[in-house]
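Descriptive analysis of the structure
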Amino acid sequence: MFFYYKFHKATNIFRIFVFRSCIHTKKGLNFFKKNTKIEETDEELLLKYKDSGDSEYFGKLYNRYIPLVYGVCLKYLQNEDKAQDAVMEIFENLLLKISGYNIKVFKTWLYSVVKNHCFHILKENKRELVVDFDSNLMESDDVLTLLSEEINDDRENILNKCIEKLPEPQRISVYKFFYEDLSYAEIVEITGYHLKSVKSYIQNGKRNLKNCIESSITEE
Amino acid sequence: MNILDYIKGNRRGKHARKIELEAMQDPFLSDAIEGFDSVKGDHANKIAQMQAKISARSSSSKSKKYLGLRIAAAAIVVIGLLSGYFTLMNHQTSMLSANENDGIYINIYAPEEYIDKKRAELAEIQERQPNSNPTLKAVVDIENLNEVMKPFEPMNIYIPESYAEMQKGNNRIEEELFSTPNKQTDKLYAVAEKANENISDNDFSSKKDKIYSQSTTERWSISNDTSHISLGAAYSKEESKEAPLNAPLSESFADYSLAKRPSSSKIITGKVLDQNGEPLVGAIISEKGSDAGAVTDIDGYFSLNTKTNSPEIVAKYIGFEPVIISNPSNQQDIILKEDRLALDEVVVIGYGTQKKSSITGSISSVKANNESFYKKAPVPSAGDAITGKLAGVQVKQAEQSESKIRIRGASSLDSAENKNIVPKPLIGEKEYKKYLENNLIRPTTDECKNKKGEVVVEFSVDNQGSPINIIVVKSICNAFDNEAIRLVKNGSKWTTGNQKVKVEVKF
């Protein structure tokens, strides 16, 4: 027993020694790495891959988007394992096929690829497809800029008037998000609304603001 | 903050808001966030794993510079393994000694009470024959039992005498009892081993339970899809994946109804989960058109014996939409979706407690102690558990494994359950009316001066015939109401019935 104890201790010491040396070498390598690293854009990486055929470039590019791809797959497939499989499948597919495409913006192109892949998988399993109807997004871009930026006086007046006209929950949510710069979780905490409610209040608020502003402008 | 932090749950502060703002304009990002929020899991970890995989897949020869590190890592692993091995070698536990048993025999956990009882018996035997060394014989042996069942003390299983008798003659019965149509499975062998030659069967003949010993050539084949045994309360988590094998070890073997094992059927197992992958405990799985039913356990696993070969099964759980599956596979997982209707607050009305002495009816009770419960196989509902235990209580197994419990009165000639009986005054309706007129004391309060009319009171009749829960349905004024109530209270008794009675009192 005593011998064993000593032996164990010895291995521990050895382990610590090796571990420390590993850290040192790693730090050294990182130091060199930092000096030479430049932030390459998606399109640059893609070009490098097409030219050289070296999968490392594409791997690097894909890794940047794995969180987003995984998230979207989770949303549609509702299953961790299936989503992970999908992420890897998409990678394999693209590795082969991407050279054949002429892609302007990688991110948006990748988004539609991922969605189509997920739909394809879902269709294989069921005849029906349950998809959330996102009346979200892409509606009130101008409103978004109005709310987010400094604007000149008359537009600000109109905006303020329209905000006052909003129903209370929407007004509160919009105000807190855009003027007080709070996040959804914080708004939930302060107001007691549910998370989904906050999101929909903001969404509808933006839409109402847009309508109100447009009608105000046409009146003038 | 990058999206990983947001995914991990950092939802507060300027940076979180920035991401949310970006999501308003970027459908890719907002879809991804939705995905992470809708499925539970350690996402950051999985993401890192996938990134590592992809890096590995797509890496070129540049990785040679890390070769030194890799060798060092490998060395650490080897040294770790060696020291671990030495650790294990020196580590004495009963677990290991159990492991070192001959691979054929395995130990089974039995409820403590059972163990104590058997120990007492064994001690008794030892007293009678101090020279012998009555070691316990292993009677049940499971092949290929997956790890989990490693008790701290080995325990042997005793077979009740009645069952042993049965087994001796009739091999067919065991086939019926235990075999399922699906035969390509692990077999459960029951083998008796004579650990000590000094003990013979006759030593225990005076006892109710007999140690059943069998030669090794005879075997009970209990085919089952798995290696799972349930003895009363002993359940192992991992094993409950498939059909539990219920070994009939109750002393009153007759209780175990053979009828419950259908001859042609399927055994469907699986688990019931909600949309987030969490198991639903206590969900009811039933077969449409028969009374076969099962309930999911703490891990969401269930096992259902269906009556037909192509059954239609329904999975139900409160607050969730029921799911019907026709022609399920033998291993069927079911995912239930939450009901759209949110459950409003549930109001629970308690009727208070009553002292036993103040109840005029008769009370029969059953306690859930080991004697009556643990020896039997697990049952899907409380109704089943008390079947046949209480006098005057009948439990009927209706469809969908909901039992109807009826207390007395069901076996009369007129078997209509829900007949509506209106109580009548014992002295007769005419006499009662006369009584009301004659005994009416007209109140002379100011409120009720010059008032005329009828007060209608409504009440139920308890099982002694007295009016209870008297309420005024049509009132004129306070004093009149009270007078009416007084009259009814002091009036004649009524015949019993389950309907309410209305009485008009004229003023």
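What you see is a predicted model; the values in this text were computed from it and never measured.

Structural notes on the state of the cysteines
Considering all chains together, one arrives at two disulfides over all chains under this definition. The residue that forms a disulfide with Cys448 of chain B is Cys477 of chain B, at a sulfur-sulfur distance of 2.0 Å. Between Cys448 of chain B and Cys477 of chain B, the S-S torsion sits near 130°, and that sign places the bridge as right-handed. With Cys448 of chain B in the loop between helix H12 (429-439) and strand E17 (454-461) and Cys477 of chain B in the loop between strand E18 (467-474) and helix H13 (478-490), this residue pair connects regions lying 29 residues apart in the sequence. Side by side, Cys448 of chain B and Cys477 of chain B carry an identical accessibility label, which is buried. For Cys73 of chain A, which is in no disulfide, the shortest distance to another cysteine sulfur is to Cys118 of chain A and amounts to 3.6 Å. Judged by its relative accessible area of 0%, Cys73 of chain A falls in the buried class. When its relative accessible area of 0% is taken as the criterion, Cys118 of chain A is described as buried.

Remarks on the pairing of strand E11 (residues 301-305) of chain B
All names here are of chain B. Burial within E11 is extensive, with four of its five residues counted as buried. Direction of pairing for strand E8 (residues 267-274) relative to E11: antiparallel, over a ladder of five bridges. By the bridge assignment for E11, Gly270 is matched with Phe302.

Points about the side chain of Ser492 of chain B
All names here are of chain B. Turning to its location among the elements, Ser492 is positioned in the loop between H13 and strand E19 (501-506). A residue is classified by how much of its surface remains accessible, and Ser492, at 15% relative accessible area, is buried. With residues up to four places along the chain from it excluded, the contact list for Ser492 reads Pro425, Leu426, Ile427 and Tyr432.

Quick look at the confidence of the model for chain B
Residues and elements named next belong to chain B. For chain B, the mean per-residue pLDDT works out to 69, and 52% of the residues sit at or above 70. Scored below 50 in pLDDT, residues 172-262 makes 206 contacts in the model with residues more than four places away or belonging to other chains. This model gives residues 342-347 a pLDDT under 50, and the stretch forms one contact once residues within four places in sequence are excluded. Interface confidence in the predicted complex, given as ipTM, is 0.75; pTM for the same model is 0.37.

What counts, and at which threshold
- Residues numbered from 1 in each chain as written.
- Chains lettered and ligands numbered in written order.
- Predicted model: local features only at pLDDT ≥ 70, side-chain atom pairs only at ≥ 80, totals over all residues.
- Heavy atoms only, no water.
- Disulfide = S-S within 2.5 Å.
- Helix = DSSP H or I, 4+ residues; strand = E, 2+ residues; numbered from the N terminus.
- Buried < 20%, exposed > 50% of the residue type's maximum accessible area, 1.4 Å probe, protein only.
- Pairing = 2+ DSSP bridges.
- Contact = heavy atoms within 4.5 Å.
- pLDDT = per-residue confidence, 0-100.

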